[in-house]
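Breakdown of the fold
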Amino acid sequence: MTGSLLGVQLHPGHPPVLDTGASGSAADWCERHEDALGDLVDEHGAVLVRGLALRTVADVAGVAARLGGTAYTEREAVAARTVLADGVHSSTPWPARQPMCAHHELSYVLETPATLLFACLRAPQTGGATPLVDTARVVDELPTGLVDRIERDGWLLIRNYGEEIGASWQQAFGTDDRAEVERYCRANAIGTEWNAEGGLRTRQRRHGVLEHPGTGEKVFFNQIAFLSEHAMDPEVREFLVEVHGPDGLPFTTRFGDGTPVPADVVEAINDAHERHTVREPWQDGDLLVVDNLRVAHGRDPYTGEREVVVAMADGVTVPAPEES
């Protein structure tokens, strides 16, 4: 079956929606239509599949096994997720009242997941959509000088692993062995610095603009705005600076040459993403398939219970920039 026969609904401001009218096993449907669904994701960057009636983590694991290719093992998480099944994780912990700005998942890791599968087991009462942004459009939207700078120099992520916010270094690297962390960081172009209390500070420079391997388009592939200190809740940031000092924040970003990224640049990047955002309210049982190299995602504030789980797959290597 080809993509044109699948009856995709296209409406301005919304991602493509495919209503399958499926009955029986969601995993079996995905296995039958894997190639056609892949063609749709290649064409549009993301597709929301409706009608699969996904109800449990086991349902999602079955679908991921058919669609996800090679399961991806997460490393360097900013916020610790719960592993729910083989290849299936909880969503990133994030306050319900706060929006999560658009970002590419794990764009600071040298082997990043190419495919994301989001599944809604319980839709929220209000809000809570997963906004999507084709970041080839963001490249065209942002000032040329800013894009050129990030393309030339990359971006720098600085992290202080602690207990207040996000994952500890033990959770992020999946070990409590400092020597193993050091080996991982050397192999992945990450600078390390341990403090007297056993805390870890890391620095890593990464590409910020990529050429998409499928379309050949330039995409704005980074988390320079999402992981900026200026993206934090102001009260939380003020408290952390007071306690730990400006260099002790759990994470912040800089331009690749080490220059701080001003708040107005972070705002401009987020505004450009928002102007090209599409969204579709979640319904119970929905599946959202996303090309992580091309399409950034976020999360709207919500009320009520919300259970969206994610499977990551098809790791692709994005080498670190060469040192100048």
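Quantities reported herein were computed from a predicted structural model and do not represent experimental measurements. (Residues numbered from 1 in each chain as written. Predicted model: local features only at pLDDT ≥ 70, side-chain atom pairs only at ≥ 80, totals over all residues. Heavy atoms only, no water.)

Let's shift gears to the sheet that holds strand β3 (residues 46–50). With mixed pairing, eight strands are arranged side by side in an open sheet as β1-β2-β3-β17-β7-β20-β5-β4. Each end of this open sheet is capped by a strand with a single partner; those strands are β1 (8–9) and β4 (83–85). Both strand β5 (residues 88–90) and strand β20 (residues 307–317) contribute to a ladder of three bridges, which runs antiparallel. The partner of valine 88 across the bridge, within β20, is alanine 311. Strands in contact with helix α1 (residues 26–44) are β1, β2 (17–19), β3 and β17 (287–291); relative to β3, the strand with the most contacts, it is inclined by about 145°. (Pairing = 2+ DSSP bridges. Helix = DSSP H or I, 4+ residues; strand = E, 2+ residues; numbered from the N terminus. Contact = heavy atoms within 4.5 Å. Axes fitted to C-alpha atoms, helices over the stretch in contact; angles between N-to-C directions.)

Let's shift gears to the confidence of the model for the chain. Looking at the chain, the pLDDT average stands at 91 and 96% of residues meet or exceed 70. Overall, residues 1–5 carries pLDDT values under 50, and its contacts beyond four positions in sequence, including any with other chains, amount to six contacts. (pLDDT = per-residue confidence, 0-100.)

Let us look at the packing of α1 against helix α2 (residues 57–67). Here α1 crosses α2 at 30°, and the two axes come no closer than 9 Å. Here α2 runs roughly parallel to α1, going by the angle between their axes. Considering the relative orientation of α1 and α2, their crossing is right-handed. For the pair α1 and α2, contact is made by Ala26, Ala27, Asp28, Cys30, Glu31, Glu34 and Leu37 and by Gly62, Val63, Arg66 and Leu67, respectively. (Parallel < 35°, antiparallel > 145°, perpendicular 65-115°, else oblique. Left-handed = near helix turned anticlockwise from the far one by under 90°.)

With that out of the way, let us pick up the packing of aromatic side chains. The geometry of an aromatic ring pair is captured by the separation of the ring centres together with the interplanar angle, meaning the angle of the planes. Applying the stated rule across the entire model yields four aromatic pairs. Judged by centre distance (5.6 Å) and plane angle (25°), the ring pair of tryptophan 94 and phenylalanine 226 falls under stacked. Within this pair, whereas tryptophan 94 is found in the loop between β5 and β6 (100–103), its partner phenylalanine 226 is found in the loop between β14 (218–220) and α7 (234–244), the two being separated by 132 residues in sequence. On the basis of relative accessible area, tryptophan 94 is assigned to the partly exposed category, the value being 27%. Seen in terms of ring centroids, tyrosine 161 and phenylalanine 173 are 5.6 Å apart; in terms of plane orientation they differ by 55°. Their pairing is tilted. Taken together, the residues tyrosine 161 in strand β10 (residues 155–161) and phenylalanine 173 in helix α5 (residues 169–173) connect sequence positions twelve residues apart. With a relative accessible area of 8%, tyrosine 161 lands in the buried category. Grouping aromatic residues by their ring pairs yields a cluster made of Tyr161, Phe173 and Tyr184. Over the ring of tyrosine 302 we find arginine 306; its NZ or CZ atom is 5.7 Å from the centre of that ring. (Phe/Tyr/Trp six-rings, centres within 6.5 Å; stacked < 30°, edge-to-face > 60°. Buried < 20%, exposed > 50% of the residue type's maximum accessible area, 1.4 Å probe, protein only. Lys NZ or Arg CZ within 6 Å of the ring centre and 35° of its normal.)

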